[in-house]
Amino acid sequence: MNTYSLMFAGVGGQGSLLIAEITSLAAVSAGYDTKQTEVHGVSQRGGSVETHVRFDQVAKVHSPIITPGEAFAVIGLEKLEALRFAHYVDPKNGTIFINDHELIPASVADAEKIYPHETVEYLKSMGLRVIVLPASKMARDLGDGRMANVVLLGALSTILPIPQDLWEKTIKLRIPAKYLEGNLKAYQAGKEMMS
Amino acid sequence: MLFAAEQFHEHGGTMREFLLGNEAIARGAWEAGVKFVSGYPGTPSTEIIETLAMRFPETNPRWSANEKVAFEEGMGAAIGGLRVLVTMKHVGLNVAADAFMVFPYSGTNGGFVVISADDPGMHSSQNEQDNRYLARVGKVPVLEPSDAQECHDFMIAGLELSEQFKSPVMLRTTTRLAHHKGLVEVGERREVEKKEFVRDAKRFSVPIYRLIRRPEVEKTLNALTAYAETCSFNRMEHNDNKSIGVVTSGIAYQYVKEVMPNAGVLRLGMTFPLPANLLREFCSQYETVYVIEEGEPFIEEYMRNLEIANLKGKEIFGLIGEYSPGRLRSALALGDPPKPFTEQVNLIPRPPMMCVGCGHRTVFAALKQLKVTVSGDIGCYTMGALPPYEAEHTTFCMGASIGVAVGLEQAGHEDTVAIIGDSTFIHSGIPPLIDAVYNKSHLTLVILDNSATGMTGSQQNPASGKNLLGEETPKLNLEAFCRATGVGSVEVVDTWQRKEIVNTIRRAIAYKGPSVVIARGPCNQLPEIKKRHVIPFIVEEELCTKCDACFKVWCPAITRTEQNFPVIAANECTSCTVCAQVCPTDAIKLAEAFA
Ligand SMILES: Cc1ncc(C[n+]2csc(CCOP(=O)(O)OP(=O)(O)O)c2C)c(N)n1
Ligand code: SF4
Ligand code: SF4
């Protein structure tokens, strides 16, 4: 397999687009042809956001859109969104990363009751490879819960063929100086969870 | 979302950037020496002008009052000798259509490219509309890039084409093209000398000299048709296996390359006028030819008219919505991709919401309480049609709220209230307001004045007091303006004052004659509002009786604790005060006061 397809799923404001962008740029710096696309309605208002990233070590990437069933990884920043895009994962060789975190849609009646709290167990029962990370909690412990996205990025980086130094270089380019130190720690913590 | 571009330097001195299709168009316009850019925000076109403002202000970009104005300003600049870019979403071209249809009669002087950003799948639009048909009616050539690199290249080539044939050119993008990123080889800006403008009424005063101009339009179109046969926008990629050929355009080309790597391909980069001979020649070489194009069967119909028989198209790929590799696979019986997990688990939707602290909420709460019929318009307030408010009963297109309310009144529905945003009012609400007064309507209009074009990302507009480049500019005085139209009652109210809003709208409805309520308060996504320091509200649990009144404000910053107390997310609260206003026990206080 040469084309790596990655699906980032989250809620507007969680920063799924940012880690998708960092992944793309790291892949580009590694010399891989890369495409990225984001699908959202009005993202700053708390709707679902999906970002597709595809890169290839050898050939050109044609479609920016991932086909369900082919993603090397699905990265869910919370459970419901992970579930919404879980069918994109390659059932044989793919991995679903899930932040152990629930964001209840505020605009759905009785959402708390009908929210799919059992997402992780369900996806595992479907025979899929699921890795659950307490990314929000780890990020809070590091000082800012909003860095959960970068914790997940750290975990993801361990299964991709992009050299480590390029990840850190790209994070430094993308994340404002003020937040850099915390985010590098979040990235490191995510990586360590996978070792 | 826009990020500053990253540059990648390569061997041999080429420079590449990882760009959105829209950013690549902006970059291309800059490189081609464009000196005037106008447009009106609309997804998926907005980032073009935003990129120009951020990175390439020497292209002289602006937000215009609406697309027709943008187009006309662009026409003036182009006949005046400059290279020009005008941007809009697909429905914007409906607004600009009057100018769009007549421009080919005079033709242009400096290069003129108009972006029509079509939205297959209607990710953020009220309809699916394939603007290649409008181009055909107007006899304007259409270019369709297939990736970010071509967005850049076709922008530059489009200006050259425009100058070569003295014709306006349409660059048609679609959502996926505009909103995907890819590597783009970029260049530097090349200044282009301004062309001379001669006062030539026989050319530029079209209505008077229309009979002279009419044959010229056909001459240009004939020349373009001949050009289409050999131009480099169209490309054959033959295959030794002659069983399947594909005619395609736009982003669909990428899906074809991925799903049908063994097919011969004719990629049309210029889709109007179409090359009859090229199409015939290509099709004669393959057993079966698939026509794969997003949107309407524009190419396909043309080919069927040429009586090419071995075609398959919309009947297998479908008409509605966006294409994708998965969709092509299913259509070609190459296997169905997995479906979302919906059995045994509850895949509940997550619809978009108004932002925390958005000033529109109080207006919808009031309209719901007053139980009136609401003639709505297009903007963030369109979400008022959804639960929990469900207080918007008609919405069609920009500016329609007022005319529809006047019509509903004529049909006996006198309890109708029209609502419109400031940007939409300026865009297309002014003639209908004047009409309502002129025709003695008892219209009640609420203008939601948040000093921004919120829905598309909080851009500046004439009611903001700032322009695209952030410079101070005269702020349209909406209340004086409405009074000048002859509206008898104009009241301004702070949009976060719940009770006052209800009372003001009630008075406006009771007023005999046309009335306007301006509900005022800035959009929370405006850069200066996002930057400001706010003291959040906080719930004092000892005083809270868990009556749930604050939840009925529907602010996403308010959630529940495990003990079922309301809790306010301190880093999200914009301190709008609305939840505190509804709390019967004053349990919601400014964090500072509480401390
Ligand atoms: C003809 C046309 N042009 C552009 C758009 C895209 N668009 C949708 S809503 C909107 C304006 C929203 O601004 P405003 O009316 O001030 O309301 P707000 O979103 O700020 O509440 C625009 C530009 C459109 N739907 N139709
Ligand atoms: S963008 Fe502005 S107008 Fe739109 S919901 Fe948010 S605060 Fe309200
Ligand atoms: S004051 Fe209340 S309603 Fe307003 S933003 Fe804060 S929590 Fe939401």
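Bear in mind that the values here come from a model prediction, so they are computed numbers and not experimental data. (Residues numbered from 1 in each chain as written. Chains lettered and ligands numbered in written order. Predicted model: local features only at pLDDT ≥ 70, side-chain atom pairs only at ≥ 80, totals over all residues. Heavy atoms only, no water.)

J.: Can you help me understand the interface of chain A and chain B in this one?
T.: For an interface, size is often stated in terms of accessible area lost upon the parts coming together. At the junction of the two partners, chain A supplies 55 residues and chain B supplies 49 residues. Applying the counting criterion to the chain A and chain B interface returns four salt bridges. Among the salt bridges present, the one from Lys181 of chain B reaches Glu21 of chain A, with a minimum N-O distance of 2.9 Å. For the interface between chain A and chain B, the tally reads 15 residue pairs in polar contact (both at pLDDT 80 or more). Listed by contribution, the elements that provide at least two residues to the side of chain A that touches chain B are helix 1 (16-29), strand 2 (33-40), strand 3 (48-56), helix 2 (79-85), helix 3 (111-114), helix 4 (119-125) and helix 7 (164-174) of chain A. Of the residues contributing to the side of chain A that touches chain B, the split by class is 28 nonpolar, 16 polar and 11 charged. Pairing analysis gives two bridges linking strand 2 of chain A to strand 9 (residues 180-186) of chain B, with the strands arranged antiparallel. (Contact = heavy atoms within 4.5 Å. Salt bridge = Lys/Arg side-chain N within 4 Å of Asp/Glu carboxyl O. Polar contact = N/O pair within 3.5 Å; in protein donor to acceptor, adjacent residues only side chain to side chain. Helix = DSSP H or I, 4+ residues; strand = E, 2+ residues; numbered from the N terminus. Nonpolar A, V, L, I, M, F, W, Y, C, P; charged D, E, K, R; others polar. Pairing = 2+ DSSP bridges.)

J.: Help me understand the site of ligand 2, please; the structure alone is not making it clear to me.
T.: Among the 11 residues in the neighbourhood of ligand 2, the closest are listed as Cys355, Cys358, Cys380, Asn450 and Cys523 of chain B. Residues lining ligand 2 come from chains A and B. Partitioning the shell around ligand 2 into residue classes produces five nonpolar, five polar and one charged. (Near = heavy atom within 4 Å.)

J.: So what exactly am I meant to see when it comes to the packing of helix 3 (residues 67-79) of chain B against helix 4 (residues 90-106) of chain B here?
T.: In a packed pair of helices, the relevant descriptors are the angle between the two axes and the axis-to-axis distance. All names here are of chain B. Two elements in contact, helix 3 and helix 4, have axes separated by 7 Å at closest approach and are oriented at 30 degrees. Here helix 3 lies roughly parallel to helix 4, going by the angle between them. Crossing geometry of helix 3 relative to helix 4 is assigned as right-handed. Contacts between helix 3 and helix 4 involve Glu67, Lys68, Phe71, Glu72, Met75 and Ile79 from the first element and Gly92, Val95, Ala96, Asp98, Ala99, Phe100 and Phe103 from the second. Split into classes, the residues belonging to the contact of helix 3 with helix 4 amount to eight nonpolar, one polar and four charged. (Axes fitted to C-alpha atoms, helices over the stretch in contact; angles between N-to-C directions. Parallel < 35°, antiparallel > 145°, perpendicular 65-115°, else oblique. Left-handed = near helix turned anticlockwise from the far one by under 90°.)

J.: I keep staring at the domain arrangement of chain B and nothing clicks. Help me out?
T.: Residues and elements named next belong to chain B. For chain B, the domain assignment lists domain 1 (7-230), domain 2 (235-331), domain 3 (360-529) and domain 4 (533-594). Computed from C-alpha coordinates alone, the two centres of domain 1 and domain 2 are separated by 25 Å. Each partner contributes residues to the interface: domain 1 has 31 residues there, and domain 2 has 31 residues. Buried surface at the junction of domain 1 and domain 2, summed over both partners, amounts to about 2,400 Å²; 52% is from carbon and sulfur atoms. For the domain 1 face of the interface with domain 2, the top three residues by lost area are Arg132, Ser146 and Glu229, together amounting to 26%. There are four salt bridges connecting domain 1 and domain 2. Where Arg267 meets Glu150, a salt bridge forms, and the shortest distance between an N and an O atom there is 2.6 Å. (Domains from an automatic or database assignment. Buried area = accessible area lost by both parts, 1.4 Å probe.)

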